[in-house]
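The lines below spell out each chain.
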Amino acid sequence: QSLPQQKLLTWLSVLECVEVFAEMGTARVWGEMGRWTIIVLIQLAKAILRLLLLLWYKAGIQTSPPIVPLNREQQQPLHPQDVEDNSSGKEQTYVGRRSSRVVRSLQSTPSLQSRHWGSPQQREESQSRRAEEMNQPPTPLGLQETIAESIYITRPLLHLLSLGVWGQRSWKPWLLSAVLDISSLSLLSDLKDLNKRERAELRRRTILLLYYLLRSPFYDRYSEGRILLLLRLLADYVPGVGFVTRPLMDYLPAWQKIYFYNWG
């Protein structure tokens, strides 16, 4: 990735990390008008950055979060003793004469903090496999797939526009958003030879369709009573589950009112 593309991904990641805090903080200081203003500005900035990545840098199907979090346990650097042994040419493994089992030699055993229990070959193979998965180029998108990804990127802006036109109690913004999400997934379903990261992103988008059960006005008219009843039954009749379901029942109304939790 080029340096400008990395900067765009970094700014996009920052926006996704602070959007809920910005919404809640602005609502506390400037009220509802300030809250909706910051929501529109953040969604507009995210859409512009994503469209630049899609159309200018050919980034393909974009994941969320834009930058994959680093797994520090899997990315442990070599122990200094290992580096020293490599440079001095010492043998790191020993092969049993009769069993042919590969074990680490005592001279190259790392400290307990950085020790792993697999053979060095297994660790190197797993690290190289993860590096290949991370460095796979994005799948080229045709016209249909580019339109589908553009629909997914601009859906939040169209939803906000429809809220401003028809109001928060109308079914039209909810239906418009659902149609756009399903249309985008349907157009992208014909794309073959996706890499592992892109397939995981499409699965995530499909699962997120369940959020429409928690989004107003569907939640207010149909889901709320049934979900709270189910949580209450679990808390009353399943031992130990109440420690989770009762706080969830108290938290769900507050969670449902935060725009970026529901629609972001």
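Structure: above.
What you see is a predicted model; the values in this text were computed from it and never measured.

A.B. asks: Give a detailed account of the nonpolar core, specifying residues and quantitative values.
C.D. replies: Soluble globular proteins tend to pack their nonpolar side chains together in the buried interior. Counting residues in each nonpolar core, the largest one holds 14 residues, and the members touching the most others are Trp36, Ile39, Leu160, Tyr259 and Phe260. Within the residue set of this core, elements represented by two or more residues are α1 (3–56), α4 (143–166), α5 (172–188) and α9 (259–262). The leading source of residues in this core is α1, at five residues. Both domains that furnish three or more residues to this core are identified here as domain 1 (3–65 + 140–215) and domain 2 (217–263). Apart from the residues lying within four places of it in its own chain, the contact partners of Phe260 are Glu19, Val20, Glu23, Ile39, Ile42 and Gln43.

A.B. asks: Could you give an account of the packing of aromatic side chains, with specific residues and numbers?
C.D. replies: For any pair of aromatic rings, the description consists of the separation of the ring centres together with the inter-plane angle of the planes. Under the defined criterion, the tally for this structure stands at 11 aromatic pairs. Taking the centre distance of 6.1 Å and the plane angle of 55 degrees together, the rings of Trp171 and Tyr222 count as tilted. With a gap of 51 residues between them, Trp171 in the loop between α4 and α5 and Tyr222 in helix α7 (residues 218–237) connect regions that are remote in the sequence. Residues Tyr259 and Phe260 carry aromatic rings whose centres are separated by 5.7 Å and whose planes lie at 85 degrees to one another, so their mutual orientation is edge-to-face. There is no split in this pair, since Tyr259 and Phe260 are both buried. Directly above the aromatic system of Trp263 lies the positively charged group of Arg215, at a separation of 4.4 Å from the ring centroid.

A.B. asks: Go over unusual backbone geometry, please, and point to the residues and values.
C.D. replies: Following Ser64, the chain continues to Pro65 via a peptide bond in cis, the omega torsion being 5 degrees. Within the secondary structure, Pro65 is located in the loop between α1 and α2 (80–88). Even without being glycine, Lys58 reaches a positive phi, approximately 50 degrees. Among the secondary structure elements, Lys58 is positioned in the loop between α1 and α2. Judged by relative accessible area, which is 60%, Lys58 ranks as exposed.

A.B. asks: Talk me through the environment of Glu145; I want residue IDs and the actual numbers.
C.D. replies: Along the chain, Glu145 turns up in helix α4. The spacing of Glu145 and Ser186 is 41 residues in sequence and 9.8 Å in space, taken between C-alpha atoms. Here Glu145 is in contact with Leu187, Leu188 and Leu191, once residues within four sequence places are set aside.

A.B. asks: Lay out the side chain of Asp181 with the relevant residues and their values.
C.D. replies: Positionally, Asp181 belongs in helix α5. Using a relative accessible area of 8% as the deciding quantity, one classes Asp181 as buried. Once you skip the residues sitting within four places of it in the chain, Asp181 turns out to touch Tyr152, Arg155, Leu209, Tyr212 and Arg215.

The rules behind each value
- Residues numbered from 1 in each chain as written.
- Predicted model: local features only at pLDDT ≥ 70, side-chain atom pairs only at ≥ 80, totals over all residues.
- Heavy atoms only, no water.
- Core = buried A, V, L, I, M, F, W, Y, C linked by side-chain atoms within 4.5 Å.
- Buried < 20%, exposed > 50% of the residue type's maximum accessible area, 1.4 Å probe, protein only.
- Helix = DSSP H or I, 4+ residues; strand = E, 2+ residues; numbered from the N terminus.
- Domains from an automatic or database assignment.
- Contact = heavy atoms within 4.5 Å.
- Phe/Tyr/Trp six-rings, centres within 6.5 Å; stacked < 30°, edge-to-face > 60°.
- Lys NZ or Arg CZ within 6 Å of the ring centre and 35° of its normal.

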